[in-house]
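Structural description and commentary
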Amino acid sequence: MPHEERPFFIIANWKMNKTIREALAYVEKLPELLQGVHLPVWLAVPFTAIHSVRAALPPEIHVGAQNMNDASSGAFTGEIAAAMITEAWGDFVVLGHSERRQFFHESDEFINKKVLRAFQSSLRPVLCIGEGFDQREAGETEAVLKGQLEGCLRGVSAEQMALCIIAYEPIWAIGTGKTATPELVAQTLAVIRSIAEAQFGEESAANMPIVYGGSVSPSSAEALATADGVDGFLIGTASLDPEGFAKIAHMSENVRSNITEL
Ligand code: 13P
């Protein structure tokens, strides 16, 4: 599928922010702020808020989780299973975020089990990959991304692959205000797509959405939305404010409609 035919996703990752009350105050404003936006909008919210946020929003806005365990149930104190997310009406899950890898020591092998469980449970995975600053400086970006993609997607079929959203989030750009340039994003996404092509074949790789995350904000979104091959954004800090988040969605909508009209 050519780039302009793939949907452009606007995905919020609230991380560990917002109580149920705060989440509801946010989503009360959102549908009106998103009037005129036809791009898919997804919200990854804290577990506790999934059900209330889902119930408060129109069905076209997707709601999901930011993590889950690979086991279906059992003695894993403090963990959340896929069925708990689906029964709370979540329909996607962010997996392998660099904060999970860094602070909770999640390995590619563990993330791979979660990805397989997500597919089994009809949850669409948003798989995060990305290199650290030192790795980029040392010229290791491609090897790091290849290792993460191959490690996290072992056993995933080519059909499933087209449903997986890859989020390229360079660690040095997360929460730092240091956005990657559109050129760097375009270059790196091309690398990711070619790694996926070798693993899953041309068609699945061409259909696979790859979004960018890392200091996406109302001031950086417009330029980043033009980066070749980018299929959306995963937005942390700037998604916490509904006005700013909606602004990014509107900017992306404008950029994308110009690109598809060309
Ligand atoms: P920021 O947008 O705050 O840089 O966070 C990006 C991110 O980690 C989204 O998952």
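Read on for an overview of the structure.

In this section: the packing of aromatic side chains. The full count for this structure, using the stated rule, is 5 aromatic pairs. Both rings, one in W42 and one in F92, keep their centres 4.7 Å apart while their planes meet at 45°; by these two values the pair is tilted. Placement of W42 in strand β2 (residues 41-44) and of F92 in strand β4 (residues 92-95) is noted, with a sequence separation of 50 residues between them. Note on accessibility: W42 and F92 belong to one class, buried. Their ring planes at 55° and their centres at 6.3 Å tell us that Y168 and Y212 sit as a pair that is tilted. Note that Y168 is positioned in strand β6 (residues 165-168) and Y212 in strand β7 (residues 210-213), a separation of 44 residues in sequence. The buried category is assigned to Y168, whose relative accessible area is 0%.

The geometry of a pair of packed helices is captured by two quantities: the angle between their axes and the separation between those axes. In the contact formed by helix α5 (residues 108-120) and helix α7 (residues 141-152), the axes pass within 7 Å of each other and the chain directions differ by 45°. By the criterion of interaxial angle, the relationship of α5 to α7 is oblique. Each of D108, I111, N112 and V115 in α5 lies in contact with α7, whose residues at this interface are G147, Q148, G151 and C152. When its residues are assigned to classes, the contact of α5 with α7 shows 3 nonpolar, 4 polar and 1 charged.

All right, on to the sheet that holds strand β8 (residues 232-235) then. Read around the barrel, 8 strands follow the order β1-β2-β3-β4-β5-β6-β7-β8 and close on themselves; strand pairing throughout is parallel. Here the strands of the sheet are splayed against their neighbours by 25° on average, with no regard to which way each runs. Here 3 bridges tie β6 to β7, and the two strands are oriented parallel to one another. Counterpart to I166 in the pairing with β7 is I210. Strands in contact with helix α9 (residues 182-200) are β5 (124-129), β6 and β7; relative to β6, the strand with the most contacts, it is inclined by about 140°.

What follows concerns the side chain of D70. Tracing the backbone through its elements, the reader meets D70 in the loop between β3 (62-65) and α3 (82-87). Despite its burial, D70 pairs with no opposite charge, the nearest such side chain being K113 at 4.8 Å. Aside from chain neighbours lying at most four places away, what touches D70 is F110, K113, K114 and R117.

Once that is clear, we can look at the packing of α7 against α9. Put simply, α7 and α9 touch, their axes get as near as 10 Å, and they point 45° apart. Taken as axis vectors, α7 and α9 run oblique relative to one another. Of the two elements, α7 crosses α9, and the hand of that crossing is right-handed. Where α7 abuts α9, its residues T141, E142, L145, K146, L149 and E150 lie against T188, V191, I192, I195, A196 and Q199. Residues of the contact of α7 with α9, tallied by class, amount to 6 nonpolar, 3 polar and 3 charged.

Turning our eyes to something else, we now look at α5. The end-to-end C-alpha distance of α5, which contains 13 residues, comes to 18 Å, matching closely the 18 Å that a straight helix rising 1.5 Å per residue would cover. Every buried residue of α5 is listed here: I111, N112, K114, V115, A118 and F119. The arc enclosing the buried residues of α5, seen along the axis, measures out at 165°, which places them on a common side. When the buried face of α5 is taken as reference, the exposed residues oriented beyond 90 degrees from it are E109 and Q120. On its buried face, α5 is in contact with β4, α4 (98-103), β5, α7 and α8 (158-161). Looking one or two residues past α5, S122 carries a phi angle of roughly 60°, positive in sign.

The rules we used
- Each residue is numbered by its place in its chain's sequence as written, counting from 1.
- Local features in a predicted model are, by the rule used here, given only for residues with pLDDT of at least 70; side-chain atom pairs are given and counted only at 80 or more, and totals for whole chains, interfaces and linings are based on all residues.
- Calculated side-chain values reflect all of the structure's heavy atoms, with hydrogen atoms and water omitted.
- Each aromatic pair joins two rings of Phe, Tyr and Trp (for Trp, the six-membered one) with centres within 6.5 Å, and gets the label stacked for planes under 30 degrees apart, edge-to-face for over 60, and tilted for any other angle.
- Counting from the N terminus, the helices are the DSSP runs of H or I reaching at least four residues and the strands are the DSSP runs of E reaching at least two.
- Any residue under 20% of the maximum accessible area for its type is buried, any over 50% is exposed, and the rest in between are partly exposed; the area is computed with a 1.4 Å probe on protein chains only.
- To get an axis, a line is fitted to the C-alpha atoms, and for a helix only the part in contact is used. The angle between two axes follows their N-to-C directions and goes from 0 to 180 degrees.
- Throughout, the term roughly parallel applies to angles under 35 degrees, roughly antiparallel to angles over 145, roughly perpendicular to angles from 65 to 115, and oblique to all others.
- It only takes one pair of heavy atoms within 4.5 Å for two residues to be counted as in contact.
- Side-chain classes are defined by residue name, with Ala, Val, Leu, Ile, Met, Phe, Trp, Tyr, Cys and Pro counting as nonpolar, Asp, Glu, Lys and Arg as charged, and the others, Gly among them, as polar.
- Strand pairing is assigned whenever DSSP detects at least two bridges linking the two strands.
- Under the convention used here, Asp and Glu are negative, Lys and Arg are positive, and both His and the chain ends fall outside the count.
- Any Lys or Arg side-chain nitrogen found within 4 Å of a carboxyl oxygen on Asp or Glu counts as a salt bridge.
- Throughout, a crossing is termed right-handed when the near helix is turned clockwise from the far one, and left-handed when it is turned anticlockwise from it by less than a right angle.
- In a helix, the anticipated span is given by 1.5 Å times the number of residues less one.
- What the arc covers is the set of directions going from the helix axis to the C-beta atoms.

What is shown is where atoms sit, not what they do.
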